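Single-letter residue listing:
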Amino acid sequence: MPKAAPAPAGAGPKAACRKPDMPLGGGGESLSLMPMVNAAPHVDLLGADIVRNFALAPNQKKLLTNPSFAALNKPLQGPVPVGQVNLEQKFNNHKCGNVETLKMSSFNFDKEYLTFHNFGYASNPARDTRGNETLTSTEAEKPEYGKTIWDKALKRRRLSAEDAEDSWAVPRGDEMVKPEGSAEWGGFVDEGTVRKQMDAEVKMREEEVARQREEEKAVEGEERETKERITSVFHGSKETDYAGRSWIENKVQVPKDVDDKQCFLPKKWIHTWQGHTMGVQQIRFFPNTAHLLLSAGMDSKIMIWDYHNQRKCLRTYLGHDQAVRDINFTSDGSKFYSVSYDKNIQYWDTETGQVIATFTNKKTPFCVAVHPNPSQQNIIICGCSNKKAVQWDANSQTIVQEYDEHLGAVNTVTFCEQGKRILTSADDKKIFLWEYGIPVVVKHIAEPTMHSIPAMVVGGPNKERPYVIGQSMDNKIVCYEAFGKFKLVGKKQWKGHLNAGYAITPGFSTDGKWVMSGDIDGKIWFWDFQKQKNYRVLKAHDGVCMSCLWHPHSTSRVVTCGWDGAIKLWD
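Residues numbered from 1 in each chain as written. Predicted model: local features only at pLDDT ≥ 70, side-chain atom pairs only at ≥ 80, totals over all residues. Heavy atoms only, no water.

The name an unreviewed UniProt entry gives the chain is Pre-mRNA-processing factor 17, with Strombidinopsis acuminata as the organism. Entered under Subcellular location (unreviewed entry) in the UniProt record, the comment concerning the chain runs "Nucleus". (UniProt positions renumbered as here; feature names shortened; annotations may be inferred.)

Laid out in structure tokens, this is it:
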């Protein structure tokens, strides 16, 4: 078969595809062009000269031969996937290539850094792979290769007139001139000057140590003074009466059949307790007898008042540095807890006014709840700004447990079912139910229409099947069952007042028939628990009415507090 003649130069690929016996010129039989098709994919042959019949998969971990170093470091070879330039592209961790971590000591880094900025060059960390020994600064006009920072003369300090007499150089005008007879070795001063400088450094260090000791003594003195300072002031003439009874004991007979009595709405204002210089945040009655009233003020003071007799302030507690957020008595009233915006939790002796313990987790506590079991009055749970409800042991001043499922600051902690369960609410607009001592949420209460609930109270007509009411931030009070499945009682909502933006504590009457709450206008509102109907509104305070308490033994008396600094009694 005759061979085809080679295509003339410049004839192009179409000429190469003609029939062997077809003439190049026009006329005769027409040309039949065939397209060129290359079915083989593009193969990356970078570094093919060092393959030398050796191939190794990238994921292979065992070597059965003894390859050379060049073969081990050769580029990957094979068909290149569509959309990639080469096989190395998918292994790159940077748009310019593969960036690897280089371990370098701080000494070598500082040396190369100073050499680069002083002499215009530095050693190349990747010189083994790239072949470049140095990196040159683009700002340097003429890099001084070979010089290091050790060759650069050190700048000598100008000496004062007193130190220049015995030194190796003396100032003359703007220059340092070496006097006759002075010795210099290696660019350093003589032995006498070195000794003098060392003595000056030793003296400086001794002065620094002495200053630190004085500061430590000052801090210890402040702490000692804080511990020894007066933590309370008794305002009465004597702490005991003629019979030797303490001022904290109740001298009034407590009625026994108060639970069977019906409560009535108060009509008039009969007394005001004045003493706080700023707003009053919370009030609590003395347990069981309610003959004393404890108040927490934003002036960092806690005051206890006499409910009967002359109704004066009996003792002021001065342990906090900032506004007091919440207070709570123990079951017998002999001690109480307080939390403040100074991030401290304090454990007080009610009678003596001494601080038994002070502890903190460096977070702002917003509430404090004492365990209802009389044998566990040292256990408290505080809702904090770090999205946790923290359980403390006041005896050891340690954290026992942390309930940390909330996504916002915890505002309330409520014990339910004789302390077996805990109900918490937070700024994340959720209510969580916990088993006591177990930091696992038993029930999540969260709805898209819910608002945050910064205050909750347990009560109701039936003591065995109580309810918990919460001050919702959409100007209403919501109700949940405080037993069983803790279901929402949707039909029971009390509206009409304005409370948005304030943690106003609602309240129940002693018989559970009435629900009451303050509002931002200083009014006190009263609703029927069953009918959810408002029956009375009283103008109580000039500022926000923050809390209200129904006296447990006087069926028609209510105590309110507000940000006007007043505590008022209504009957």
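Engineer: Can you help me understand the pattern of salt bridges in this one?
Structural biologist: It is possible for side chains bearing opposite charge to pair when their charged atoms get close. In this structure the tally under the stated criterion is 11 salt bridges. The shortest N-O distance in the salt bridge between lysine 147 and glutamate 144 comes to 3.3 Å. Look at glutamate 144 and you get partly exposed, because its relative accessible area is 34%. Salt-bridge contacts for glutamate 239 lead to arginine 315; the nearest nitrogen and oxygen are separated by 3.0 Å. You can see glutamate 239 sitting in the loop between strand E7 (232-234) and strand E8 (269-274) and its partner arginine 315 sitting in strand E12 (residues 313-317), a full 76 residues away along the chain. Of the residues examined, arginine 315 reaches a relative accessible area of 2% and is grouped as buried. Residues joined in a network through salt bridges with shared partners are Glu208, Arg211 and Glu215. (Salt bridge = Lys/Arg side-chain N within 4 Å of Asp/Glu carboxyl O. Buried < 20%, exposed > 50% of the residue type's maximum accessible area, 1.4 Å probe, protein only. Helix = DSSP H or I, 4+ residues; strand = E, 2+ residues; numbered from the N terminus.)

Engineer: Would you explain the sheet that holds E8 in this entry?
Structural biologist: Spatial strand order, E8-E35-E34-E33: four strands in an open sheet with antiparallel pairing. Edge positions in the sheet fall to E8 and strand E33 (545-550), since each of these pairs with one other strand and no more. Pairwise comparison of adjacent strand axes, ignoring direction, gives a mean angle of 20° for this sheet. One ladder, built from five bridges, connects E8 with strand E35 (residues 566-570); its direction is antiparallel. The partner of threonine 272 across the bridge, within E35, is lysine 568. (Pairing = 2+ DSSP bridges. Axes fitted to C-alpha atoms, helices over the stretch in contact; angles between N-to-C directions.)

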